[in-house]
Amino acid sequence: MRHCSPTAGESRLTASYSSTPNPHSRLALLLGISTPPFLLLLLLVPLAPLSAQTVRGHLTGRVVDDQTIPLSGVHVTVGGPSLQGVREVLTNEAGVFRVLELPIGSYTVEITHIGYRQVIYEDVRIGLGRVRTLGDVQLETEAVELSPLRVVAAAPAIDPVSTAIGSGLDASQFEQLPISRRDYQSIIKILPHANESFVGDAVAIGGSTGLENTYYVDGANVTDLTFGARGTRLPWNFIESVRIRTGGYQAEYGKALGGIVDAVTYSGGNEVELDVFGFFSGSALADTPRQGLDDMRADDFSTVDVGFRLSGPLVRDRLWYVAAYNPRIESIDRELVDQGVHEDKQTIHAFAGKITWLPFTNTDVELSVFGDPSTRDAVEQYFGSLSAPSHLENPEPLLTSRTSGATTASLRFRQQIGPLVAVQADLSRYWGSLSVAPIDDSSTPSQLFVDLTSNTWSGGPGVREESTTHRTAARLNSTFLLGQHTAKLGIEYEDNRSDYDLNTDFVLRLDSEFYQQQRENTAAPHHNRVPAVFVQDSWQITPRFALNAGIRWSRQQLEGDGGAGVQTFPDQWQPRLGAVYQLGRLGTQRVFASYGRYYQQLPLYFSQLFYAPFALRLDWFSEDPREPGVQPDSSLNLPSDPPSEVDGIRVEHFDEFTGGYERALGRDYVLGTRVVYRVLRDAFGYGVNFAADNPFPIGNFGEGELDFLPKATRTYSALELTMRRAGTHRLQGFISYVLSRTQGNYTGLFPSDQGVMAPNNNPSNKFEEQGPNSTGLLPNDRTHVLKLSGSYEFSFGLTAGTFFTVQSGTPLNEFGAGSACPFCYVFLVERGSAGRSSTLWDLNFSFAYDVHLGSRSNGRLFLDILHVGSPRTSAWTDQVRYLSQDAEGNQINPNPNFGGTLAFQPPMAARLGIQLSF
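Residues numbered from 1 in each chain as written. Predicted model: local features only at pLDDT ≥ 70, side-chain atom pairs only at ≥ 80, totals over all residues. Heavy atoms only, no water.

What should I look at first to understand unusual backbone geometry in this one?
What you tend to see is this: most non-glycine residues have negative phi, and most peptide bonds are trans. Even without being glycine, H867 reaches a positive phi, approximately 55°. By the secondary structure assignment, H867 is in the loop between β47 (858–866) and β48 (874–877). Residue classification places H867 among the buried residues on the basis of a relative accessible area of 6%. Phi at N893 takes a positive value of approximately 60°, unusual for a residue other than glycine. Note on placement: N893 falls in strand β50 (residues 891–894). (Helix = DSSP H or I, 4+ residues; strand = E, 2+ residues; numbered from the N terminus. Buried < 20%, exposed > 50% of the residue type's maximum accessible area, 1.4 Å probe, protein only.)

Shown next, in the form of structure tokens:
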């Protein structure tokens, strides 16, 4: 069982540091080691309101007189440093006003009506993707002229409309929290239902795996195309706001069974601002890590992270710019068995730029470009299906030169058409790349030789890989206001494409007179084309009761270039329904419930496996094939023809039911409870049945040619308790407790049992013999999870933050070897019934001290202390009890590492930083 090291904060380089995981050979992967509705809605676009992935927020409220009678025609003006110009609207006959698509930031709202005293709200915060309400604004009759009534807006405690699970954080909040890695994606794990997995798939949300999340930056999808892993990483210094949705959201959002992460980069303003920053962490500031079973010995690591962000106006109130750059250098010395110490070094060039233009009143254009290209001299094995070498005759099998990363360009156009309609059009393009080559950069892969009789490696890495990925996305969206209705209709289209070129060459010595050579070549583009349409309505039936209803339609089509090999997943209907009812005084308490069906967008890995033509040759020898003139005793060429299309296949999707209650305690605190139930309806993949005409059938588990496998099941049941302190106060805080159960026989896109990056290719669900005992507690099951995060600003310039979590261990299994292949494990006892791993706790602190440098200059010093107490508890256990079967099917060859630790929690480490603002 191959260990994929988890990230250790910034204390060392690990497997997660590469943009793509180590693949297996194609044969090993195949064996399990590793409409008309659309056209109709399209015609409705010019006639109906649209919406899509938002990077802004909305403001609403109701104006009444001193007798609480609604006032129509009241003039509302909104302005602030984040907005070019001002927005002006009038209240309708119900006294309601709504200001659409405001950039995130803080605003002043002026409410004016003839014969009434003017009211001015200051510091009204608009959050990412949120509806901010001022509630009932009561105007006083003005008999004589009075000065305006100025109100500092309290933070919105209770959301009167949304049923979504999740949270949003601005830069001023998340920069005060001690998260292990300084990027916006790492913030996810402070939320309920989101837990670090420690087995290679980052953060798993709501019983799903880490490959079932979707990531957006400035409205553009930046999720990794091949595996669905975390996409483009940008440092916090580039990000103005982050919002994470983990469930309960409306029809405008889709593509994920886990969470949806939205980040928005800074947009500049009318003042020139320059931030310069630098951070450092290294072995001198960290405790000694504990080594897992397959870990290389590592020492002398360092992370140097410097950069700047410059913003300002090109034309005041009309044209703003932002430019940011952050090179990050990570290095670590790894000790190779028998071959001394070699440096593993990576340089990441994160950058971001944005132009915001207001060419006309009520029209704005935004161009955003960002990316994270990187280079790396890597010291790690490429073939993750092989155990780590016990001996090396030379270091080259574990040395490769790699480049990776992605660049995204996004163009957005918005038009406010009167007070009732906002239209938006988006176009984005994502370019990703990966290159893996021998360290000497030879033109062909240096053959890898593995002597399994002694687990000795020699030769080269045995691989040369070149791939480029492209995502072209277009969206048309708007919001339309009609009385108490906020109607939305949206159209989206994505073409996800990969141009993949892989060459491998390796020889396995199986015993003294038996050798196997495998050579593979894959060179073909492949796609997943995804159109989607949604329509929804938020209806504020009464001031107390809001109803949300909508439906989303999408389809997916995997195909090779030119249509060679096609698999269509049609008519993915996704109804959504939610309701909110406010109890007591408006804005103080509410009950809410929601239902939704959610589909997963497939990564390109499966189409790469089946629809990209390949040539795979296996040769068997009784002599060492490296000797001159040795010929194979037998050979096998696997066919590369793609499978025929199977009708009616459905991708992974589940139904979710939620319900809850929230109550505000005064102006600052909110208590909440929520129940969540998710049930998987279908899962898609392939099996292995050598007795059939088609040995690798694809489809839905338990149906058609996959009827020899059990139907895929997964349920997630949870009770959530939360308390948060809202508002702009010195003390910020959030506490959550989740009691949950995750069970079934299907882990998700990430096969957590083996810890390999192989979406729709679960090694524990390939062969008929793997069915018995396969249903039970799943690897992501953590019964109890308690989290606390918060910060406090002292009067003398110091801000202290903390993040603490304690979580139950995960269920353990006893695996035995399958008869088809040693890595195709079978369950010897009921899944998840062999005990639990250790309970994990983690405590982190951050300290920031402000230094005044002049009238326009300030400095800030940072100290983060991560994993305080250095628990270094076992986080992933080797659960393989036997390594092979005898001729009668009995388990033999006990695994000497059974029960041993594959991965430990990271050690205590510190990070130092400085930021200068001008």
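Picking up after the structure, the text goes on.
Before we go on, may I ask you to explain empty space enclosed by the protein in this structure?
The gaps of empty space that remain are located by a probe, the size of a water molecule, rolled over the atoms. Computed from the structure, the largest cavity encloses a volume of approximately 330 Å³. Taken together, 30 residues line the largest cavity, and the ones lying closest to its centre are P779, N780, D781, R782 and T810. Of all the elements in the fold, those that place two or more residues in the lining of the largest cavity are β10 (194–196), β11 (203–205), β40 (731–744) and β48. Along the lines of polarity and charge, the residues of the lining of the largest cavity split into 11 nonpolar, 15 polar and 4 charged. (1 Å grid on protein atoms, 1.4 Å probe; cavity = no way out; pocket = protein on both sides within 12 Å on 5 of 7 lines; lining within 4 Å. Points joined across faces, edges and corners; volume = space filled by probe spheres on them. Nonpolar A, V, L, I, M, F, W, Y, C, P; charged D, E, K, R; others polar.)

Got a minute to help me understand the confidence of the model for the chain in this structure?
Segments scoring low in pLDDT should not have their predicted coordinates read at a detailed level. Scored by pLDDT, the chain has a mean of 86; 92% of the residues are at 70 or more. Per-element confidence in the chain ranges from a low mean pLDDT of 34 for helix α2 (residues 36–43) to a high of 96 for strand β41 (residues 776–777). Segment residues 32–52: pLDDT under 50, and 65 contacts once partners within four positions in sequence are set aside and those in other chains are kept. (pLDDT = per-residue confidence, 0-100. Contact = heavy atoms within 4.5 Å.)

So what exactly am I meant to see when it comes to the packing of aromatic side chains here?
The geometry of an aromatic ring pair is captured by the separation of the ring centres together with the interplanar angle, meaning the angle of the planes. The final tally for this structure, using the stated rule, is 23 aromatic pairs. Measuring from centroid to centroid gives 6.4 Å for F449 and Y515, while their planes differ by 35°, and the two rings are tilted. Here F449 is found in strand β25 (residues 448–451), whereas its partner Y515 is found in strand β29 (residues 514–540), with 66 residues between them in sequence. Residue classification places F449 among the buried residues on the basis of a relative accessible area of 6%. We classify Y515 as buried; its relative accessible area is 7%. (Phe/Tyr/Trp six-rings, centres within 6.5 Å; stacked < 30°, edge-to-face > 60°.)

What exactly am I supposed to notice about the sheet that holds strand β7 (residues 131–138) here?
Sheet strands line up and pair through hydrogen bonds in the backbone, either parallel or antiparallel. The strand order β4-β1-β7 describes an open sheet built from 3 strands, whose pairing is mixed. Each of the sheet's edge strands pairs with one partner strand only, and the pair in question is β4 (96–102) and β7. Within the sheet, the average angular offset between the axes of one strand and its neighbour, ignoring direction, is 15°. Bridge analysis of strand β1 (residues 57–64) against β7 gives 6 bridges, and the strand direction is parallel. Opposite T60, over in β7, you have T133 as the bridge partner. (Pairing = 2+ DSSP bridges. Axes fitted to C-alpha atoms, helices over the stretch in contact; angles between N-to-C directions.)

Explain the pairing of strand β23 (residues 399–417) to me, please; I cannot follow it from the model alone.
Each regular strand displays side chains that alternate between the two surfaces of the sheet. The sheet contact formed by strand β20 (residues 363–371) and β23 spans 9 bridges and is antiparallel. Looking across to β23, one finds that V369 is bridged to A409. Relative to β23, strand β21 (residues 374–379) is paired through 6 bridges, and the arrangement is antiparallel. Opposite V379, over in β23, you have L399 as the bridge partner. Bridge count between β23 and strand β24 (residues 421–438): 18 bridges; the pairing is antiparallel. Each residue of the ladder has a partner; that of T400, found in β24, is P438. If you look at the hairpin formed by β23 and β24, you'll find 3 residues sitting between the two strands, and G418 has a positive phi there, around 65°.

Please explain the side chain of N270 as it appears in this structure.
When you line up the elements, N270 lands in the loop between β15 (260–265) and β16 (273–282). The class of N270 is buried, set by a relative accessible area of 18%. Within the structure, the side chain of N270 is placed 2.7 Å from the side chain of D317, a separation counted as a polar contact. In this structure N270 touches P313, R316, D317 and W320, once residues within four positions along its chain are discounted. (Polar contact = N/O pair within 3.5 Å; in protein donor to acceptor, adjacent residues only side chain to side chain.)

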